[in-house]
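Each chain is listed here by its residues.
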Amino acid sequence: MSKLIDNRARRVQTLKDVITELHNGTPAQEVKAKLRTLVCETDHSEIMAMEQDLMAHGMPAGEIQRMCDLHSQVTREVLVTLPGESLTPGHPIDTFHQENEAVRGVLTRMRLAMNEAGKFADPTKTSVSLLDWQQSLNDLIDLEKHYQRKEHLLFSYLERHGIAGPSKVMWGKDDEIRALLKNLARALRSAGDGADWRPTAMDAGEGVANAIEEMIYKEEKILFPLCLDKFTDEEWGEIWESSPRYGWCLVEPREVFRPPEASTTGKPKTTNATGIQLPTGHLSLDQLRSIFSTLPVDITFVDADDRVAFYSEGPDRLFARSKAVIGRKVQNCHPPRSVGIVNRILGDLREGHQNVAEFWINLRGRFVHIRYFAVRDKDGRYLGTLEVTQ
């Protein structure tokens, strides 16, 4: 057993050394050859451990993100897929697999529409293929639900198991795909402007297709096997229960997944007949829970250690939340591009530079007011930050 552990540690270190050469400018083909010679084969857990180790030793997540497509390209020849467990239809990972298969079909249709659009000398004659292309794009927008479940559920539980760095990298790549989809939408909207819109749209379309296919590879070969290795049956039950809040991408779960009986997610672990005595009154636990569910605002409380401690569960939350977020660092609940803003707001509230930070956003045609309040005790000690959204 110790020999196997030692061999694994040696492979991870070798992977790290060789990938570092890639970051330092060594050509990809040379790195591929070295991996074939020195590593021979590796698996998903070692790839993830390598990237985590790179970040632990000071390599910024942004640098890993910039190079991670190259990482997957140079490691494909040595990456082996270990035999996995048979998944029950409707298991969260089974649904992720089904969604990826549906997305592959959409990409095939989109490429066919792109090819048809390119056959006409006159760009105004491409109305049918343009319509197919636009429909494919509309279908791909549904990926947002897939990515939201991945980012807020799978990544949350990986952090519980001590795996945080690679999740940040993958979230950054998700954001790149979101930006590419917006670029494609802009290019297709220009189809009626008179000029030949196709070269720009085809470049944008190919960029979208390549990026999504690369992400599917990373999910199927690295992320999903890692989650299946790490998560308990009870954790899968909790993920299954929280998934509908984010929705499904193109397909519904094949069957209703039955979480293990041991899972008690969503049920109070204790009851308290006397409830809670407050300075201005007394509330039972049922009353308190119902009040938070009735408030016409969404509330999230982040404690003094920047960990999510509580959120309200109104029927029409503007931003989906799941129980997986409890205890998670709030910085990890936001896309990497927003972390700087989050840290600045929290820092100002913690240090007393301000007690309220607020702004408006346009969310799918709705104006949303978001406010952050510093929460302090009677002596002025910082207890955390309350987010109020309406």
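Residues numbered from 1 in each chain as written. Predicted model: local features only at pLDDT ≥ 70, side-chain atom pairs only at ≥ 80, totals over all residues. Heavy atoms only, no water.

1. Considerations on the overall build of the protein
When helices and strands are tallied, the protein shows 12 helices and seven strands. Structurally, the protein occupies a C-alpha span of about 75 × 65 × 50 Å along its principal axes. Within the protein, buried positions represent 44% of all 390 residues. Residue pairs at least 24 apart in sequence account for 67% of intrachain contacts in the protein once pairs closer than 6 positions are excluded. (Helix = DSSP H or I, 4+ residues; strand = E, 2+ residues; numbered from the N terminus. Buried < 20%, exposed > 50% of the residue type's maximum accessible area, 1.4 Å probe, protein only. Contact = heavy atoms within 4.5 Å.)

2. Quick look at the packing of aromatic side chains
Inspection of the entire model under this criterion finds seven aromatic pairs. Taking the centre distance of 6.1 Å and the plane angle of 35° together, the rings of Phe359 and Tyr372 count as tilted. One end of the pair, Phe359, is in strand 5 (residues 356-363); the other, Tyr372, is in strand 6 (residues 366-376), and 13 residues separate them in sequence. Residue classification places Phe359 among the partly exposed positions, given a relative accessible area of 30%. Judged by relative accessible area, which is 14%, Tyr372 ranks as buried. Three or more aromatic residues joined by ring pairs make a cluster, and in this case those are Tyr157, Phe231 and Trp236. (Phe/Tyr/Trp six-rings, centres within 6.5 Å; stacked < 30°, edge-to-face > 60°.)

3. Here's the deal with the pairing of strand 7 (residues 382-389)
Here strand 7 lies mainly inside the structure; six of its eight residues are buried. As judged from the six bridges shared by strand 3 (residues 298-303) and strand 7, these two strands associate in the antiparallel manner. Note on strand 7: the bridge partner recorded for Val302 is Thr385. Linking two consecutive strands that pair antiparallel, namely strand 6 and strand 7, is a turn of five residues; a positive phi of about 85° is found at Gly380 within it. (Pairing = 2+ DSSP bridges.)

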